[in-house]
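Spelled out from the first residue to the last, the chains are:
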Amino acid sequence: MAIKITDECINCGACEPECPNNAIYEGGVEWALADGTTVKGSYTLMDGSEMDADQRNAPISVDTYFIVPNKCTECQGFHEEPQCAAVCPVDCCVPDEMYQETVDELMAKKAKLHL
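Residues numbered from 1 in each chain as written. Predicted model: local features only at pLDDT ≥ 70, side-chain atom pairs only at ≥ 80, totals over all residues. Heavy atoms only, no water.

## A closer look at the nonpolar core
Put simply, the test is: Throughout this description, the term nonpolar core refers to a set of buried Ala, Val, Leu, Ile, Met, Phe, Trp, Tyr and Cys residues connected via side-chain atoms within 4.5 Å. Exposure classes here rest on a 1.4 Å probe applied to the protein chains alone. A residue is buried below 20% of its type maximum, exposed above 50%, and partly exposed in between. Between two residues, a contact is recorded if the distance between any of their heavy atoms is within 4.5 Å.
Among the nonpolar cores identified, the biggest contains 15 residues, and Ile5, Ile24, Ile67 and Cys84 are the most heavily contacted of them. If we ignore the near neighbours within four places in the chain, the residues touching isoleucine 67 are Ile3, Lys4, Ile5, Ala23, Ile24, Ile60, Cys72 and Cys84. With 12 residues, the next largest nonpolar core counts Val39, Leu45, Ala53 and Val68 among its residues.

See below:
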């Protein structure tokens, strides 16, 4: 499953540079699937909808750092554990129950993000 950042976030920014998928953004910042990935053109999201990889999207949070679930692979294929959770000083990077994914699904997502 994807990781989420809870309201306990102190906005230290330690997590953002650790993400191999560039799935973590500062609060209030627009995001795109193409940011930090090799994705180009149309991309199928987890819910089956399509989005242009370069499309700028509204921030998921305006007050704290946030993780884009469609880009989060829990660091599968890169590291032994989610790096955001490993470096978070307040333990606010936790599994997101809304996005249940198997290791195989996370690895497939990684393959789509990094051709």
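Anyway, onward from the coordinates.
## Here's the deal with the packing of aromatic side chains
Heads up, the condition is: Centre distance within 6.5 Å is the pairing criterion for rings of Phe, Tyr and Trp, where only the six-membered ring of Trp is used; planes under 30 degrees apart are then read as stacked, over 60 as edge-to-face, and the remainder as tilted. The secondary structure listing takes helices from DSSP runs of H or I that are at least 4 residues long and strands from runs of E that are at least 2 residues long, numbered from the N terminus. The rule is short: NZ of Lys or CZ of Arg within 6 Å of the ring centre and within 35 degrees of the ring normal puts a charge over the ring.
Counted under the stated rule, the structure contains 1 aromatic pair. With a centroid separation of 5.7 Å and 20 degrees between ring planes, the pair formed by tyrosine 25 and phenylalanine 66 is classed as stacked. Residue tyrosine 25 is found in strand β2 (residues 24–25), and its partner phenylalanine 66 is found in strand β5 (residues 66–67); the two are separated by 41 residues along the sequence. The two residues tyrosine 25 and phenylalanine 66 agree in class, both being buried. Between lysine 110 and the ring centre of phenylalanine 78, over which it is positioned, the NZ or CZ distance is 4.9 Å.

## Concerning the environment of glutamate 18
For glutamate 18, the location among the structural elements is in the loop between β1 (3–5) and β2. Of the residues examined, glutamate 18 reaches a relative accessible area of 32% and is grouped as partly exposed. Between the C-alpha atoms of glutamate 18 and glutamate 97, which are 79 residues apart in sequence, the distance is 22 Å. With residues up to four places along the chain from it excluded, the contact list for glutamate 18 reads Gln83 and Val87.

## Details of the environment of alanine 111
You can see alanine 111 is positioned in helix α2 (residues 103–113). Under the relative-accessibility criterion, alanine 111 is labelled partly exposed at 42%.

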